[in-house]
Amino acid sequence: MKKLAVLLSIPLLLLSCGSNEEGKSVEEIIENEDLAEIRAKKSELSQQQSDLTQKLDKLDQAIDRLDKTRRLDLVEIQQINDTLFKHYAEVQGDVATDENIVVYAEFSGILQDLRVKEGEQVNKGEVLAKIDDGGLSSELAQLETQATLAKTTFERQKRLWEQNIGSEMQYLEAKTNYESMQNSVNRLKSQLDKTIVRAPFSGIIDEVLTEEGEVVNPGQSQLFRLVSLKNMYVEADVPEGYLNKINKGTEVLVEISSLGREFEGEVKRVGNTINPNNRSFSIQIAVPNENGMLKPNQIATLKLNDYTAENAVIIPENALLKNAQGESVVFILQEKEEGEDNIGIAKRQIVKTGYTYNNKIEITSGLETGETLIVEGAKNLRDGQEVKIRN
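What you are looking at is a predicted structure, and each value in this text was computed from that prediction instead of being measured.

A. Looking closely at helix α5 (residues 168-193). Under the 1.5 Å per step criterion, the end-to-end length of α5 is 37 Å for 26 residues, consistent within 8% with the ideal 38 Å. When α5 is considered as a whole, its buried residues turn out to be Tyr 171, Ala 174, Tyr 178, Met 181, Ser 184, Val 185, Leu 188 and Leu 192. Residues of α5 that are buried make contact with α4 (136-162) and β7 (196-198).

Have a look at this one:
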């Protein structure tokens, strides 16, 4: 490029300063409009340009002969060190929680007292609604009165029986009557308790699915959706081939793309069956949710640590080449015995590879720590070729 610029500048230089033997400038010759004189001047300048081009070629030849680094391929290098290498297998999962339920009515009647609203935080055991008991309260009060009388009668017969007064039959009849009445009271209390709808756990009322005044039926009428965002986990299906690599306690990176966050976790449960439809097994990973940003059914990407190597030799994936035999090849840099510090010799080495992850590849043999790897510019190199270090 420099040579071309010089050649282009020669005519301008000659025209700007040019004067012929008679002292006429190029401009003056053109003004005379003498065609023969103009052609003669052009021939003269062309000869001068040719002479200068020959001289420039000789200078370039001398530079090529004396400057050995001028045409060397540029490469970038990297020192090889051992490091901890982890490989991760990626699968898709969903955020879930076991505490995400629909609360149903357990008693048939009119919903007469709705005490919560959507989005309200409630505690375990808190009353959410009441259903009309249809007179059970009055019936219970009567039974409790009869049960109290039966208890008094039984206690009196028991004292008499202990004093050998009265018959055994009277004692047993009083005992049976009291126990029967007490069972009836307990059974009615249990039924009456079903008219009060309580929160089975602490959480948030996500939806109110009914209204006051509606007739509800046990096991059919949906009242509320109650969700707790504390004990969250991610559930995913993992291919059967990873069965011997994924265990309880396996390290996992959980990425929630919708939040732009990544959590560290570990497998807390591994399924004991293989799904015949997709040949996979299920896993669960507990995730923190301190600020309540995680929601059930959010999509998560799981990175499962299925391979770990300590003191591994790791190189950039783009530094690895393939030869005609399909072998994996890298180039390392060897120092010249004498010469400039930024000049070296590219040495080709065949290597064996292991796992690849995140644009890094594990070298299991063929490279040693302390060697200098050519990471850029190795594609067109030959074994033993001199190269110039760019970095």
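B. How the structure looks around the sheet that holds strand β6 (residues 127-131). Strand order in the open sheet formed by 4 strands is β7-β6-β4-β9, and the pairing between neighbours is antiparallel. Two strands close off the open sheet at either side, each with one partner strand: β7 and β9 (215-216). As judged from the 3 bridges shared by β6 and β7, these two strands associate in the antiparallel manner. The partner of Ala 129 across the bridge, within β7, is Val 197.

C. A look at the environment of Lys 130. Summarising the element assignment, Lys 130 is placed in strand β6. Sequence separation between Lys 130 and Thr 369 is 239 residues; the distance between their C-alpha atoms is 74 Å. Discounting residues that sit within four places of it in the chain, Lys 130 has contacts with Ile 110, Leu 111, Gln 112, Asp 113, Arg 115, Thr 195 and Ile 196.

D. Quick look at unusual backbone geometry. For Asn 297, which is not glycine, the phi dihedral falls at a positive 80 degrees. Positionally, Asn 297 belongs in the loop between β14 (280-286) and β15 (299-316). Positive phi outside glycine occurs at Asn 359, with the angle close to 65 degrees. By the element assignment, Asn 359 lies in the loop between β18 (343-357) and β19 (360-365).

E. A look at the pattern of salt bridges. Enumeration according to the criterion identifies 10 salt bridges in this entry. Between Glu 240 and Arg 279 there is a salt bridge; the shortest N-O distance is 3.2 Å. Placement of the pair is Glu 240 in the loop between β11 (232-239) and β12 (251-256) and Arg 279 in the loop between β13 (261-270) and β14, with a sequence separation of 39 residues. Exposure remark for Arg 279: the relative accessible area of 42% places this residue in the partly exposed category.

F. Spotlight on the nonpolar core. Counting 30 residues, the largest nonpolar core has Val 122, Leu 128, Ile 131, Val 197, Ile 205, Phe 224 and Leu 226 as its most contacted members. Among the secondary structure elements, those contributing two or more residues to this core are β6, α4, α5 and β10 (222-227). The biggest single contributor to this core is α5, with 7 residues. Setting aside residues no more than four positions away along its own chain, Ile 131 makes contact with Ala 105, Phe 107, Gly 109, Ile 110, Leu 111, Gln 112, Lys 194, Thr 195, Val 197 and Val 216. Counting 22 residues, the second largest nonpolar core, distinct from the first, contains Val 252, Val 254, Phe 263 and Val 287.

G. Geometry of the sheet that holds β10. Strand order in the open sheet formed by 4 strands is β3-β10-β8-β5, and the pairing between neighbours is antiparallel. Single-partner strands in this sheet number two, and they are β3 (100-104) and β5 (121-122). Bridge analysis of β3 against β10 gives 5 bridges, and the strand direction is antiparallel. Residue pairing in the sheet places Tyr 104 in a bridge with Gln 222 of β10.

H. Fine view of the side chain of Ser 328. Tracing the backbone shows Ser 328 in strand β17 (residues 328-335). Since its relative accessible area comes to 8%, Ser 328 is described here as buried. Of the polar contacts made by the side chain of Ser 328, one reaches the side chain of Lys 322; its length is 3.0 Å.

I. How the structure looks around the environment of Trp 161. In this structure, Trp 161 sits in helix α4. Trp 161 sits 119 residues away from Lys 42 along the chain, and the two C-alpha atoms are 151 Å apart. When neighbours within four sequence positions are excluded, Trp 161 is seen to be in contact with Gly 166, Ser 167, Glu 168 and Tyr 171.

J. Focus on the packing of aromatic side chains. Counted according to the given criterion, the structure contains 6 aromatic pairs. Within the aromatic cluster, the residues linked to one another by ring pairs are Phe 154, Trp 161, Tyr 171 and Tyr 178.

K. Structural detail: the packing of α4 against α5. At a minimum axis distance of 8 Å, the contact between α4 and α5 shows a crossing angle of 155 degrees. The orientation of α4 relative to α5 falls into the category roughly antiparallel. Crossing of α4 over α5 shows left-handed handedness. Each residue belonging to the contact of α4 with α5 can be placed in one class, and the counts come to 14 nonpolar, 9 polar and 7 charged.

L. Representation of the pairing of β12 within the structure. As defined by bridge partners, β12 adjoins β13 across 6 bridges and the pair is classed as antiparallel. Residue pairing for β13: Glu 255 is matched across the bridge by Glu 262. If you look at the hairpin formed by β12 and β13, you'll find 4 residues sitting between the two strands, and Gly 260 has a positive phi there, around 65 degrees.

The rules behind each value
- Residues take numbers from 1 onward in each chain, read along the sequence in its written order.
- In keeping with the predicted nature of the model, local features appear solely for residues at pLDDT of at least 70, side-chain atom pairs appear and are counted solely at 80 or more, and the whole-chain, interface and lining totals rest on all residues.
- The side-chain values count all of the structure's non-hydrogen atoms but skip hydrogen atoms and water molecules.
- Runs of H or I in DSSP of at least four residues are treated as helices and runs of E of at least two as strands, each being numbered from the N terminus.
- In a helix, the anticipated span is given by 1.5 Å times the number of residues less one.
- The buried label applies to any residue whose accessible area, calculated with a 1.4 Å probe on protein chains only, is under 20% of its type's maximum; exposed applies above 50%, and partly exposed to all values in between.
- When checking whether two residues touch, look at their non-hydrogen atoms; a contact exists if any pair is within 4.5 Å.
- Here, a strand pair is defined by DSSP locating no fewer than two bridges between the strands.
- When a carboxyl oxygen of Asp or Glu lies within 4 Å of a side-chain nitrogen of Lys or Arg, that pair is called a salt bridge.
- Nonpolar cores are built from buried Ala, Val, Leu, Ile, Met, Phe, Trp, Tyr and Cys residues. Side-chain atoms within 4.5 Å join them into one set.
- The term polar contact refers here to a pair of N or O atoms within 3.5 Å; inside protein, the definition further demands a hydrogen-donor-capable atom paired with an acceptor-capable atom, and it admits residues adjacent in sequence only when both atoms are side-chain atoms.
- In summary, the pairing rule links any two rings of Phe, Tyr or Trp, Trp by its six-membered ring, whose centres are within 6.5 Å, and it sorts them by plane angle into stacked for under 30 degrees, edge-to-face for over 60 and tilted for everything else.
- Axis angles are defined between N-to-C directions and span 0 to 180 degrees, where every axis is a line fitted to C-alpha atoms and, for a helix, only to the segment in contact.
- Roughly parallel means an angle under 35 degrees; roughly antiparallel, over 145; roughly perpendicular, 65 to 115; everything else is oblique.
- Should the near helix be turned anticlockwise from the far one by less than a right angle, the crossing is termed left-handed; should it be turned clockwise, right-handed.
- Amino acids are sorted into nonpolar (Ala, Val, Leu, Ile, Met, Phe, Trp, Tyr, Cys and Pro), charged (Asp, Glu, Lys and Arg) and polar (every other residue, Gly among them).

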